[in-house]
Structures are given as C-alpha cells and as structure tokens.
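Listed here are the chains, written in short residue letters.
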Amino acid sequence: MPARQSRPELAKARGEGLLEIGEAARASGVSAKRIRHYEAIGLMPSAQRSLANYRLYSEADLHRLRFIQRARSLGFDMARIRTLLGLWDDPGRSSAEVRREVQAHIDALQAQIHSLQAMQQSLQQLARHCQGDQRPDCPILEELSACAKARTP
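All residue numbers refer to position in the chain's written sequence, counted from 1. pLDDT decides what is reported in this predicted model: residues at 70 or higher carry local features, side-chain atom pairs at 80 or more are listed and counted, and totals for whole chains, interfaces and linings draw on all residues regardless. No hydrogens and no water enter the side-chain calculation; it runs on all heavy atoms of the structure.

What follows concerns the side chain of Glu39. The numbering of helices and of strands both runs from the N terminus, where a helix is a DSSP run of H or I of at least 4 residues and a strand a run of E of at least 2. Here Glu39 is to be found in helix H3 (residues 32–40). On the accessibility criterion, Glu39 (15% relative accessible area) is buried. Contacts described as polar in this section are N or O atom pairs within 3.5 Å, which, within protein, must combine one atom able to donate a hydrogen with one able to accept it, while residues neighboring in sequence count only if both atoms come from side chains. A distance of 3.3 Å separates a polar atom in the side chain of Glu39 from the backbone nitrogen of Ala47. Within the structure, Glu39 has its side chain in polar contact with the side chain of Arg55 (distance 3.1 Å). Two residues form a contact once any of their heavy atoms are found within 4.5 Å. Those residues in contact with Glu39 that sit more than four places away from it in its chain are Met44, Pro45, Ser46, Ala47, Arg55 and Tyr57. With a 1.4 Å probe rolled over the protein chains alone, any residue whose accessible area is under 20% of its type maximum counts as buried; one over 50% counts as exposed, and the rest are partly exposed.

Rendered as structure tokens:
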C-alpha cells in the first residue's frame, strides 16, 4: 500500500503558502470550476487536500494553471495543451518538438482563416446582390434555398 501524503491543517497549509481553490482561481485567472475540470481530465495533478478535505494549490500549481490559460488564449485545443504540458514537464525535450507543435497549430489556424475568408467573400457577394428594400424577393434567401435543394436527396 502506498504511503499516504500528510494532510495539513488549513492554517498550517496557508502558512506554507498553499491556497484554497477560490484563492488559486483569483491568483491564476482560471475559474474554480475549470480548475476542477483540468484536474478531472489530468491536465492538473490531483490537488493536495487539507484535513478538512479542501483542495490546496502551490505556486507551481498556479504556474501550471497560468500556462494552460495562456495556451487556451492562443487557441490551442486540450489535446495540444496536454502535449505542450508534457514537453514543458520534460527537461530532456528539444525545442524542435515544441516548435513542431506550435507550427501544427499555426497551420490549423491558417486553414481556419482561409475558410472564414471564403465564407466572408461569399456573404459579401450575396449582400451586394440584395437590394435591401421593402420587396419580398431576396437573392440571399434564394441562394441559400438553392443550396439546400441541391443537397436534398
């Protein structure tokens, strides 16, 4: 049976610089709900627990939460964040591995940008053909309807 980690009393834990989940949420900019989610899916290690069973977070935990938050703000999905965390945790990693992950994300973003630009151009063309007046006929609706009919078996 593995040795149990000691569970500090809350006041002692705070004295050691550990934070409860609400405090960790404020300090990291990640909601408590999301912190619990990250723990549940394995992006965060299981939190230490006080004698009263409160989750406790260290400065290293906050640093990891901020890493995840920044990666999310750059559009990385959870799978790629997991990979990046693995690389971050591995002191033997090569920067080439990290760069490959980032380049793959850049390529995916570029494909999304092209797709969005194509949608924008199609919509602009449809809008140019619409008079935008009080008449009921509308080339935008006609075009959307024509596409819907073409796909119906």
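Those residues of helix H2 (residues 21–28) that fall on the buried side of the exposure criterion are Ile21, Ala24, Ala25 and Ser28. On an axial view of H2, the arc spanned by its buried residues comes to 105 degrees, and they lie on one face. Buried-residue contacts for H2 involve strand S1 (19–20), H3, strand S3 (55–57) and helix H4 (59–73). Directly after H2, the chain includes Gly29, whose backbone phi takes a positive value near 80 degrees. Summarising the geometry, the arc corresponds to the directions from the helix axis toward the C-beta atoms.

It is at 10 Å that the axes of helix H5 (residues 78–89) and helix H6 (residues 95–128) come closest, and there the two elements cross at 165 degrees. Classified by the interaxial angle, the pair formed by H5 and H6 is roughly antiparallel. Relative to H6, the crossing made by H5 is left-handed. The segment H5 lies against H6, with Arg80, Thr83, Leu84 and Leu87 engaging Glu97, Val98, Glu101, Ala104 and His105. Only Asp, Glu, Lys and Arg are considered charged in this grouping, and only Ala, Val, Leu, Ile, Met, Phe, Trp, Tyr, Cys and Pro are considered nonpolar; every other residue, Gly among them, is considered polar. Considering only residue class, the contact of H5 with H6 consists of four nonpolar, two polar and three charged. To get an axis, a line is fitted to the C-alpha atoms, and for a helix only the part in contact is used. The angle between two axes follows their N-to-C directions and goes from 0 to 180 degrees. Our angle categories are set so that under 35 degrees counts as roughly parallel, over 145 as roughly antiparallel, 65 to 115 as roughly perpendicular, and the remainder as oblique. Each helix crossing is assigned a hand: it is left-handed if the near helix lies turned anticlockwise from the far helix by less than a right angle, otherwise right-handed if that turn is clockwise.

Geometric values such as these leave the question of function open.
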